[in-house]
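Here is how the chains run, residue by residue.
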Amino acid sequence: MKKQIILILLLFIGILLRSTIFYYLDFNISPDFALIMLVFFSFRYGSRTGEISGFISGLLEDFLSLSPLGFSSFIKTVLGFLSGLFHDRFVMDPIFFPALSLIIISFLKGVLSFLLVELFHISISSYSAFSHTFFLEILINALLAPVLFQLLRFLLDRLLPERTAL
């Protein structure tokens, strides 16, 4: 229970950073901190944690944005599940693996967003799939991922120490 509360709080902080501070800094693009955290949590704890974290962070994003309720939660749930499939399957290089995984997951986020918008004829004014800002967001997420992965690893190792068997 403690783990879920800490993960949700960290995701909420990531969502607030993007929707408040970076929104008012007058940048056209901002990193998706919650997505980077979601991918890290999924890699570290598996698909179940990825799905739950993705659903909750997506729902929080839906409440804070103009997107329809369920839009971000569906996308983040799918991405959390897919990321969690790679739990304990790779040795995580501290730089290349986080960057590459965020390039792939950010691109999948854009594809899923595009499909939902087209399939359900959703009108989202700030949405622009496959534009230059979309690719810049992918680049920013990939550059920020190694730093944030290391920070999260350090933080979670202190807050949630692994139990060892006796």
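Further up the page is the structure itself.
This one's a predicted model, so the numbers in the text were calculated from it and none came from an experiment.

Visitor: Help me out: how do you make sense of the overall build of the chain in this one?
Guide: A count of helical and extended segments in the chain gives six helices and zero strands. Traced from its N-terminal end to its C-terminal end, the chain shows the element sequence α-α-α-α-α-α. At 15 Å, the chain has a C-alpha radius of gyration in line with the 15 Å of a compact globule built from 166 residues. Based on the C-alpha atoms only, the size of the chain along its principal axes is roughly 55 × 30 × 30 Å. Across the 166 residues that make up the chain, the buried fraction comes to 43%. Counting every atom, the chain has about 9,800 Å² of accessible surface; 71% of that belongs to carbon and sulfur.

Visitor: Can you help me understand a nonpolar patch on the surface in this one?
Guide: On the surface, a nonpolar cluster with roughly 860 Å² of combined accessible area is contributed by Phe81, Leu82, Leu85, Phe86, Phe90, Phe96, Leu100, Ile103, Ile104 and Leu108. Of all the secondary-structure elements, those providing two or more residues to the nonpolar patch are α4 (71-84) and α5 (96-120). Of all the elements, α5 adds the most residues to the nonpolar patch, at five residues. Assignment of secondary structure puts isoleucine 103 in helix α5.

Visitor: How do you make sense of the packing of aromatic side chains when you look at a structure like this?
Guide: We describe a pair of aromatic rings using the distance from one ring centre to the other and the angle between the two ring planes. Per the stated rule, a full pass over the model turns up six aromatic pairs. Chaining the aromatic ring pairs together yields one cluster made of Phe40, Phe41, Phe43, Phe97 and Phe149.

Visitor: Can you walk me through the side chain of serine 67 in this structure?
Guide: One can find serine 67 in the loop between α3 (47-64) and α4. Within the structure, serine 67 has its side chain in polar contact with the side chain of aspartate 62 (distance 3.1 Å). Here the side chain of serine 67 touches serine 65 through a polar contact of 2.8 Å, side chain to side chain.

Visitor: Hey, could you run me through α4 in this one?
Guide: Each full turn of the α-helix corresponds to 3.6 residues, which orients residues three or four apart in the same direction. Between its first and last C-alpha, α4 extends 20 Å over 14 residues, near the 20 Å set by a 1.5 Å rise per residue. Residues Phe71, Ser72, Ser73, Ile75, Lys76, Leu79, Gly80, Ser83 and Gly84 constitute the buried set of α4. Residues of α4 that are buried sit in contact with α2 (33-45), α3 and α5.

Visitor: How should the packing of α2 against helix α6 (residues 132-159) be read in this particular structure?
Guide: Two quantities define a packed helix pair, namely the angle between the axes and the distance from one axis to the other. Relative orientation of the contacting elements α2 and α6 amounts to 55°, with a least axis distance of 9 Å. As far as their axial angle goes, α6 and α2 are oblique. In this structure, α2 crosses over α6, and the sense of that crossing is right-handed. The segment α2 lies against α6, with Phe33, Leu35, Ile36, Met37, Val39, Phe40, Phe41, Phe43, Arg44 and Tyr45 engaging Asn141, Leu144, Ala145, Leu148, Phe149, Leu152, Arg153, Leu156 and Asp157. Looking at the contact of α2 with α6, its residues break down into 15 nonpolar, one polar and three charged.

Visitor: What is the right way to look at the nonpolar core in this model?
Guide: General note: in soluble globular proteins, nonpolar side chains tend to be found buried as a group. By size, the foremost hydrophobic cluster in this structure holds 32 residues, and its most contacted members are Leu10, Met37, Phe41, Leu102, Phe149, Leu152 and Leu156. For this core, the leading source of residues is α2, giving 11 residues. Non-local contacts of leucine 10, meaning those with residues more than four positions away in its chain, are made with Met37, Phe41, Leu152, Leu155 and Leu156.

Visitor: In this structure, what is going on with the environment of leucine 112? I would like to understand it.
Guide: Here leucine 112 shows up in helix α5. Judged by relative accessible area, leucine 112 falls into the buried class, the value being 19%.

Visitor: Even after reading the chapter, I still don't get the side chain of serine 47, so can you show me in this structure?
Guide: Assignment of secondary structure puts serine 47 in helix α3. Under the relative-accessibility criterion, serine 47 is labelled buried at 15%. Sequence-distant contacts of serine 47, that is, excluding residues within four places in its chain, are made with Gly80, Phe81, Gly84 and Leu85.

Reading the values: rules and limits
Residues numbered from 1 in each chain as written. Predicted model: local features only at pLDDT ≥ 70, side-chain atom pairs only at ≥ 80, totals over all residues. Heavy atoms only, no water. Helix = DSSP H or I, 4+ residues; strand = E, 2+ residues; numbered from the N terminus. Rg over C-alpha atoms; globule rule 2.2 N^0.38 Å. Buried < 20%, exposed > 50% of the residue type's maximum accessible area, 1.4 Å probe, protein only. Areas by Shrake-Rupley, 256 points an atom, 1.4 Å probe, with all protein chains shown as cover. Patch = residues over 30% accessible without salt bridge, like charges linked within 9 Å, V, L, I, M, F, W, Y side chains within 5 Å. Salt bridge = Lys/Arg side-chain N within 4 Å of Asp/Glu carboxyl O. Phe/Tyr/Trp six-rings, centres within 6.5 Å; stacked < 30°, edge-to-face > 60°. Polar contact = N/O pair within 3.5 Å; in protein donor to acceptor, adjacent residues only side chain to side chain. Expected span 1.5 Å × (residues − 1). Contact = heavy atoms within 4.5 Å. Axes fitted to C-alpha atoms, helices over the stretch in contact; angles between N-to-C directions. Parallel < 35°, antiparallel > 145°, perpendicular 65-115°, else oblique. Left-handed = near helix turned anticlockwise from the far one by under 90°. Nonpolar A, V, L, I, M, F, W, Y, C, P; charged D, E, K, R; others polar. Core = buried A, V, L, I, M, F, W, Y, C linked by side-chain atoms within 4.5 Å.

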